[in-house]
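# Descriptive structure summary
One letter stands for each residue in the lines below.
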Amino acid sequence: MIRFRKHEFVFTADVRMMYRQILIHPDQRDLQRIVWKEGPDQPTKAYQLNTITYGTTSAPYLATRTLNQLAIDEKDTFPDASIIVQSDCYMDDILTGSNSLENTKELQAQLVQLLGRGGMTLHKWCSNNESLLNSIQNSGGYQFNNPAEMKPVKTLGVLWKPNSDCFSFKVTISQQHSYTKRSILSEISRIYDPLGLIGPIVSKAKIFMQRLVTKNASTAAYGAAIYVQCPSSESKSTYLLCSKSRVAPIKPVTIPRLELSAALLLSQLTQRVIKALNLTISAVLLYSDSTIVLAWMKKPPQVLKTFVCHRVTAIQELTKDFHWRHVLSEENPADFISRGVTPDSLQLKNLWWNGPSFLRNGIEIQELSESDPITDNDFICELKQSEKCSLLTNSECDSVFSRLISISNNYMKLINILSYVFRFISNCKKGVVPKGGPISSDEYKDAEVCMLRWAQAQDFPSEIQTISKGKQLPGKNCLKSLNPFLDNNNLLRVGGRLINAKVNYDQKHQIILPAKVSPNFGGLWEAGVKSFKHHFRRAIGNANLTYEEFNTVIVEIEGILNSRPITEISSDINDLEALTPGHFLIGRPINTVAEPELINVSDNRLSRWQRVEKLTQHIWKRWSSDYLNHFQQRQKWQFVKNNVKPGMLVILKEDNLPKCKWALGRIIDVIPGKDGYVRVVNVRTANGTLKRPISKVCLLPVKTHN
């Protein structure tokens, strides 16, 4: 509609029976089957619809896509018409024109020929120039009335008078004995004004409706209007192009905030109009009658409060290439939208139709000076309060870290604080480009390394000094069993037997941390219970369980915990049974009925029982894997000796085992590596003999002495 207004000579046309001219591919016609009966007693017949069918969801897209493809295919033959079909065609309606009568006639001819290549014809021609209709009538046998005798025709829902080349609006209000709020809202909704040409009238109707509903509308609406100025040697003509209005929210909002919302609306509307016009525009000037809003837009967004900050950021981004000016309220046509105007009054408002007088007279308004002080309370209250900052320096690094740890026991919070401290130190250095924005992953990593290095230095100073000199730790040292070493960041890490395992570096060589709060008694099962609680919380999450379902999960958990192997019952190489907590409770291992795996099945396909089963399977899978990983510590392998011997009962790490099922086996042969350590073992199980790497074999937690 906006592009339609920029042409001097325009015409409209309609593609005759467009849907019926587009065939559906034979493979897809089965999807358009209908049944038909000629009469009540006639047999039912089935038909396939061969063309696009009105009413189907895909029909508008298929028709538009076909027209676009036709325009692309015929681009070389009909270049002007191809552009028009792709840009000025809405469904089967074409609205276009040109500033030259000859070019417009040529465009008509190209459109007729281009669409003819696709078996389509144009009808319902209308134009603001009689010669355009005559040229089509003479070439194609079309019959038209004189434009002066033409009645207003609907153009994309708006009445257009071709003889006077203007839009008109007709509102018919049904006479009723009484009116309800619903009927009033229905009448208002029938006013269709996509360009906002009668925006003040629509705004007045909306304000009336809002007051009818809320009983209070002090600042009822806001809006924006866009004008186009066409300079010439004689005068500068200015015309209303379009406008947009918004009813103010029911929640009270200050006037400066509403004016800021109007400025944002103007910025967004300007961008859309520029894109739609597709014209060379020499300059874009934006006006607001609020000095507070203009002052906000000159401020960095970060110094403003949230509401104003977000809108100022958007305005600055949308209008970075434009210029803002101040206009007096009495010369601001957008004020008509704020107050609303009756139809009789709007016809006489030259300010609305042609813009403020200073535009027509060529008077330029200077931009507000940044030095002009704004002391209004509405302006000041949206500024963030400046925070007082104090800097405390301390040369003792240990004291700094100790105080930092005393702030919180949240690990990620400490790392985050330390990351910002390091960034501040870096930004204070000369010759360094200051960093901003969110903390990067590298900054997090550097802060974490520094924190861990300090923690290790507090508890393991002698160990770090010994290892850094290339010496071995004494045999009675608490870290000896871990075979520690210093990595590239001077962090103590676990050595161990997983050097050839296909896992990442942090899993092969874990960072050694002080554990001052770990339990001194029952460490193994305490760690198992802690791990189980962790996975239990993650698996249950926000699941809504009944009391019976939750109790079932708890009982299942009890069974899983009491099924874990502790030690071998006998030294018989053919005995593959291990002692479990279940033996002490019921005299035998705890077993459960194997259920189908439900972990990867969507919840909406499961019954209530199956959802409970899925939760317990999640817990079993996560906890059993974590529990076995605790068995693979290097505490028994600190010396070069045959620590894994034939005849030992071991647990095999297997995936997808059912609940309470542990893969047990006896080692029958060991295969050492080049360093003398056992790397591979042959294990006898109930299903035969298997060869497994040592990383897939776990010794039982309690060692027996024969």
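Residues numbered from 1 in each chain as written. Predicted model: local features only at pLDDT ≥ 70, side-chain atom pairs only at ≥ 80, totals over all residues. Heavy atoms only, no water.

The name given to the chain in an unreviewed UniProt entry is Reverse transcriptase domain-containing protein, with Araneus ventricosus as the source organism.

### Some words on the sheet that holds strand β6 (residues 122-127)
A sheet is described by the order of its strands in space; here four strands give the open sequence β4-β5-β1-β6, paired in antiparallel fashion. Every interior strand has two partners, whereas the edge strands, β4 (89-90) and β6, have only one. Bridge count between strand β1 (residues 9-15) and strand β5 (residues 93-98): six bridges; the pairing is antiparallel. From the neighbouring strand, F9 faces β5, where its bridge partner is S98. (Pairing = 2+ DSSP bridges. Helix = DSSP H or I, 4+ residues; strand = E, 2+ residues; numbered from the N terminus.)

### Some details on the environment of L664
Following the sequence through the fold, L664 ends up in strand β19 (residues 663-672). Since its relative accessible area comes to 18%, L664 is described here as buried. On a C-alpha basis, the gap between L664 and V683 in space is 9.1 Å, while along the polypeptide they are 19 residues apart. Residues within four places of L664 in sequence aside, it is in contact with P565, L576, A578, L649, V650, I651 and T685. (Buried < 20%, exposed > 50% of the residue type's maximum accessible area, 1.4 Å probe, protein only. Contact = heavy atoms within 4.5 Å.)

### Here's the deal with the pairing of β6
When a strand is regular, its side chains alternate between the sheet's two faces. Among the six residues of β6, five are classified as buried, and the element is accordingly described as predominantly covered. Bridge analysis of β1 against β6 gives four bridges, and the strand direction is antiparallel. Its bridge partner being in β6, V15 is matched across the sheet by L122.

### Remarks on the environment of P194
Along the chain, the position of P194 falls in the loop between α6 (181-189) and α7 (199-214). The partly exposed category is assigned to P194, whose relative accessible area is 36%. Residues P194 and G157, 37 residues apart in the sequence, show an inter-C-alpha distance of 8.9 Å.

### Let's talk about the pattern of salt bridges
According to the stated counting rule, one finds 16 salt bridges in the structure shown. Across the pair R190 and E187 runs a salt bridge, and its minimum N-O distance is 3.5 Å. According to the relative accessible area criterion, E187 is buried, its value standing at 14%. Each member of the salt-bridge network shares a partner with another, and the members are D487, R493 and D506. (Salt bridge = Lys/Arg side-chain N within 4 Å of Asp/Glu carboxyl O.)

### Looking at the nonpolar core
Ranked by size, the top nonpolar core spans 54 residues in total, and within it C242, V273, W296, W324 and W352 carry the most contacts. Here this core takes 10 residues from helix α8 (residues 255-277), the largest share from any one element. Two domains share this core, each providing at least three of its residues, namely domain 1 (3-168) and domain 2 (188-365 + 374-381). V273 has contacts with I2, I226, L241 and C242, leaving out every residue within four places of it along the chain. If you look at the next biggest cluster of nonpolar residues, it comprises 28 residues, including I24, A63, L107 and L111. (Core = buried A, V, L, I, M, F, W, Y, C linked by side-chain atoms within 4.5 Å. Domains from an automatic or database assignment.)

### Here's the deal with a positive patch on the surface
Positive charge collects at one region of the surface, where K206, K244, R246 and R272 lie side by side. Here R246 is to be found in strand β11 (residues 236-247). By relative accessible area, R246 is classed as partly exposed at 37%. (Patch = residues over 30% accessible without salt bridge, like charges linked within 9 Å, V, L, I, M, F, W, Y side chains within 5 Å. Areas by Shrake-Rupley, 256 points an atom, 1.4 Å probe, with all protein chains shown as cover. Lys, Arg positive; Asp, Glu negative; His and termini not counted. Charge placed at Lys NZ, Arg CZ, Asp CG, Glu CD.)

### Notes on helix α10 (residues 306-318)
The end-to-end C-alpha distance of α10 is 18 Å, a good match for the 18 Å that 13 residues give at a rise of 1.5 Å each. Every buried residue of α10 is listed here: V308, C309, V312 and I315. In an axial view of α10, the angular spread of the buried residues amounts to 135°, which keeps them on one side of the axis. Looking at α10, the residues exposed on the side facing more than 90 degrees away from the buried face are T306 and H310. Contacts made by the buried residues of α10 are with α8, α9 (291-297) and β13 (323-326). (Expected span 1.5 Å × (residues − 1). Arc of directions from axis to C-beta.)

### Some words on the packing of helix α3 (residues 79-87) against helix α4 (residues 101-117)
Think of two packed helices as two axes; the pair is described by the angle between the axes and how far apart they sit. Running from N to C, α3 and α4 point in directions that differ by 75°, and their axes come no closer than 8 Å. Of the possible angle classes, the one that applies to α3 and α4 is roughly perpendicular. Packed against α3, whose contacting residues are P79, D80, A81, S82, I84 and V85, the element α4 presents L107, Q110, L111 and L114 at the interface. A breakdown of the residues in the contact of α3 with α4 according to their chemical character gives seven nonpolar, two polar and one charged. (Axes fitted to C-alpha atoms, helices over the stretch in contact; angles between N-to-C directions. Parallel < 35°, antiparallel > 145°, perpendicular 65-115°, else oblique. Nonpolar A, V, L, I, M, F, W, Y, C, P; charged D, E, K, R; others polar.)

### A closer look at the sheet that holds strand β20 (residues 678-685)
Taken together, five strands build an open sheet; the order of strands is β21-β20-β19-β18-β22 and the sheet is antiparallel. With one partner strand each, in any of the chains shown, β21 (688-693) and β22 (697-699) form the two edges of the open sheet. Each strand axis lies, on average, 45° off the axis of its neighbour in the sheet, ignoring direction. As judged from the four bridges shared by strand β18 (residues 649-652) and β19, these two strands associate in the antiparallel manner. Looking at β19, one finds that L649 is bridged to R666.

### With respect to the environment of L346
Within the element layout of this structure, L346 appears in helix α12 (residues 343-347). You can call L346 buried: its relative accessible area is 1%. Along the primary structure L346 and G199 are separated by 147 residues, whereas in three dimensions their C-alpha atoms are 9.8 Å apart. Once you skip the residues sitting within four places of it in the chain, L346 turns out to touch L197, I198, P200, I201, V341, W352 and W353.

### Some points on a nonpolar patch on the surface
On the surface, I34, W36 and Y47 cluster together to form a nonpolar patch covering roughly 290 Å² of accessible area. In this fold, I34 is placed in strand β2 (residues 33-36).

### Re the side chain of S624
One can find S624 in helix α24 (residues 608-629). When its relative accessible area of 11% is taken as the criterion, S624 is described as buried. One polar contact links the side chain of S624 to the main-chain carbonyl oxygen of W620, over a distance of 2.7 Å. Within polar-contact distance, the side chain of S624 engages the backbone oxygen of K621 at 3.4 Å. (Polar contact = N/O pair within 3.5 Å; in protein donor to acceptor, adjacent residues only side chain to side chain.)

### A look at the side chain of N332
Along the chain, the position of N332 falls in the loop between β13 and α11 (335-339). Residue N332 is classed as buried on the basis of its relative accessible area, which comes to 12%. Residues within four places of N332 in sequence aside, it is in contact with D289, V327 and L351.

### Points about the packing of aromatic side chains
For any pair of aromatic rings, geometry is given as the distance between the ring centres together with the angle between the planes. Tallying each qualifying case throughout the model produces seven aromatic pairs. Ring centres of F4 and W160 lie 5.3 Å apart, and the angle between their planes is 85°; this geometry places the pair in the edge-to-face category. You can see F4 sitting in helix α1 (residues 2-5) and its partner W160 sitting in strand β8 (residues 158-161), a full 156 residues away along the chain. Judged by centre distance (5.1 Å) and plane angle (80°), the ring pair of W620 and W662 falls under edge-to-face. Here W620, found in helix α24, pairs with W662, found in the loop between β18 and β19; they are 42 residues apart in sequence, far enough to count as distant. We note that W620, like W662, is buried. Of the aromatic side chains, those joined through ring pairs into one cluster are W620, W623 and W662. Taking the ring centre of F307 as reference, the NZ or CZ of R257 above it sits at 4.3 Å. Above the plane of the ring of F307 lies R311, whose end atom (NZ or CZ) is 3.6 Å from the centre. (Phe/Tyr/Trp six-rings, centres within 6.5 Å; stacked < 30°, edge-to-face > 60°. Lys NZ or Arg CZ within 6 Å of the ring centre and 35° of its normal.)

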